[in-house]
Amino acid sequence: MKIDYSERLKKLPPYLFAEIDRKKKAAIERGVDIISLGVGDPDLPTPKHIVDAMKIAVEKPKHHQYPFGAGLLDFRKAVSDWYKMRFNVDLNPQNEIHSLIGSKEGIGHIHLAFINPGDIVLVPEPGYPVYNCGTIFSDGMPYFLPLIEKNNFLPDLEKIPEKIAKRAKILFINYPNNPTSATATLEFYERVVRFAEKYNIIVCSDLAYSEIYFDGKKPPSFLEVEGAKNVGVEFHSLSKTYQMTGWRLGWACGNSEIIAGLSEVKDNYDSGVFGAVQEAGAVALTSSQNCVEEMRKVYQNRRDIFTGELNKIGWSVKKPEATFYVWAKVPKGYTSADTVTKLLDEAGIICTPGNGLGPSGEGYVRFALTVSETRLKQAVEKISKIKW
Ligand SMILES: *Cc1c(COP(=O)(O)O)cnc(C)c1O
């Protein structure tokens, strides 16, 4: 039988990290000592008190059945309390918070609730690939918003043509930003809300990195702005804050009608997040946040070492104020792809080509600081031996 894949699948760009993983495996087979700064997956283990909470929760038969719906009320209350404490934002656990099987799941599914074929989705680039993949899966049309250094890696909303803005139904924003590590101010979020009100656009703010900030500069939430809850939702996750990427737990919060749309899609696709994971997640959000402070220190030290050492050998990289990414300009005369290949072939370093995350990422590579300080130092030493 001839297996014929859907046009939808054929339209997807190749999944970037699958390709990087293939190259990595091939290099390991050749016996190369690989230092992987590619995928943004924390190397630190989940804090012990969260793992312990999971051990207790997993024993409870009530969690052994389908969880269904918006999630455990205790989890949603924990989210609500955390938002109040962290951002002074009020969220009703009953209808303004919905658990997700990792925030990627919700970010990828939300289009299905609002996008009709041909509707426009405003997608920042370079950016997290899921914003665009969800658009393709729902037969929407991406309109890409370039994130460039001149604009502090914020989208220039003024530049969006009127007729595009009028046809747009969803706008994605993501600060602290993956991959550029840029942060946004409340003043930017104000402009986003006014833009969304004017054109009737649903704002989806991806706040996965809000807790990975440095030098005490806490990133704000889009929902802090007056009127934000009328136009949008925010996606959040325990993945980066508590080193829980493998657990698959996140949430969407904000406008109750938007949440209801996402909820209806999910009711028809999945049956919720394992209750024990939600119970442990509630413990993570409500207990002492010292572990998060510790995590920030680890990444801040790694950031200082890696950017400091790279600058010493003649690169010119800025210290990120948030996220665990370093968005580095490639050496003169090289493309992102050339640089990634040279770093892998000549130094055994895996990183992400900027253009793989969108055309405006050309001329950059992204390093994820998800290995130890020792390995980061070794990485820069290896890079220093490359002849450009
Ligand atoms: C890591 C990440 C997420 C979180 O993904 P989960 O599915 O919650 O693990 C969301 N958005 C961006 C931009 C990310 O880098």
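Residues numbered from 1 in each chain as written. Predicted model: local features only at pLDDT ≥ 70, side-chain atom pairs only at ≥ 80, totals over all residues. Heavy atoms only, no water.

Engineer: Tell me about the nonpolar core, and please be specific about residues and values.
Structural biologist: Tyr83, Leu122, Leu171, Phe222, Tyr242, Trp251 and Phe367 are the most contacted members of the largest nonpolar core, which totals 94 residues. Formed jointly, this core draws a minimum of three residues from each of two domains, domain 1 (7-45 + 290-384) and domain 2 (48-286). Ignoring anything within four residues of it in the chain, the contact list for Tyr242 reads Thr46, Pro47, Ile50, Trp82, Ala284, Leu285, Gln289, Cys291 and Val292. One finds Ile115, Phe172, Ile202 and Leu262 within the second-largest nonpolar core, a separate group that totals 19 residues. (Core = buried A, V, L, I, M, F, W, Y, C linked by side-chain atoms within 4.5 Å. Buried < 20%, exposed > 50% of the residue type's maximum accessible area, 1.4 Å probe, protein only. Domains from an automatic or database assignment. Contact = heavy atoms within 4.5 Å.)

Engineer: Outline the sheet that holds strand β6 (residues 202-206), supporting the account with residue identities and numerical values.
Structural biologist: Read across the open sheet, the seven strands follow the order β2-β8-β7-β6-β5-β3-β4; overall the sheet is mixed. Whereas interior strands pair on both sides, the edge strands pair on one side only; in this sheet they are β2 (97-100) and β4 (141-146). With strand direction ignored, the average angle separating the axes of adjacent strands in the sheet is 20°. Pairing of β2 with strand β8 (residues 250-254), which is carried by four bridges, proceeds in the antiparallel orientation. The partner of Ser99 across the bridge, within β8, is Trp251. Where helix α4 (residues 73-87) meets the sheet, it contacts β2, β7 (232-237) and β8, and its direction lies at approximately 60° from that of β8. Against the sheet, helix α7 (residues 130-137) makes contact with β3 (120-125), β4, β5 (168-173) and β6, and its axis sits at roughly 155° relative to β3, the strand it touches most. (Pairing = 2+ DSSP bridges. Helix = DSSP H or I, 4+ residues; strand = E, 2+ residues; numbered from the N terminus. Axes fitted to C-alpha atoms, helices over the stretch in contact; angles between N-to-C directions.)

Engineer: Account for the packing of α4 against helix α13 (residues 275-286), with residues named and values stated.
Structural biologist: The interhelical angle for the contact between α4 and α13, taken along N-to-C directions, is 20°, at an axis separation of 8 Å. Classified by the interaxial angle, the pair formed by α4 and α13 is roughly parallel. Handedness of the crossing formed by α4 with α13: left-handed. Where α4 approaches α13, its residues Asp74, Phe75, Ala78, Val79 and Trp82 are matched on the opposing element by Gln278, Gly281, Ala282, Leu285 and Thr286. Class assignment of the residues belonging to the contact of α4 with α13 gives a composition of six nonpolar, three polar and one charged. (Parallel < 35°, antiparallel > 145°, perpendicular 65-115°, else oblique. Left-handed = near helix turned anticlockwise from the far one by under 90°. Nonpolar A, V, L, I, M, F, W, Y, C, P; charged D, E, K, R; others polar.)

Engineer: I'd love a proper account of helix α9 (residues 186-199), names of residues and values included.
Structural biologist: Its 14 residues place the ends of α9 20 Å apart at the C-alpha level, agreeing with the 20 Å of an ideal helix rising 1.5 Å per residue. Residues Phe188, Tyr189, Val192, Val193, Phe195, Ala196 and Tyr199 constitute the buried set of α9. An end-on view of α9 places all buried positions within 165° of arc, on one side of the element. Structurally, α9 contributes buried residues whose contacts are with β3, α8 (162-167), β5, β6 and α10 (228-231). Positive phi appears at Asn200, one or two residues downstream of α9, with a value of about 60°. (Expected span 1.5 Å × (residues − 1). Arc of directions from axis to C-beta.)

Engineer: Quick one: what's the story with the site of the ligand, residue by residue and with numbers?
Structural biologist: Inspection of the region around the ligand gives 14 residues, with Asp206, Tyr209, Ser237, Ser239 and Lys240 positioned closest. Interatomic distance of 2.6 Å between a side-chain N/O atom of Ser237 and an oxygen atom of the ligand. If the ligand stood free it would expose 390 Å²; the protein chains cover 95% of that surface. Elements that contribute at least two residues to the shell around the ligand include exactly α5 (103-109) and α11 (238-241). The residue inventory of the shell around the ligand, partitioned by class, reads four nonpolar, six polar and four charged. (Near = heavy atom within 4 Å. Polar contact = N/O pair within 3.5 Å; in protein donor to acceptor, adjacent residues only side chain to side chain. Areas by Shrake-Rupley, 256 points an atom, 1.4 Å probe, with all protein chains shown as cover.)

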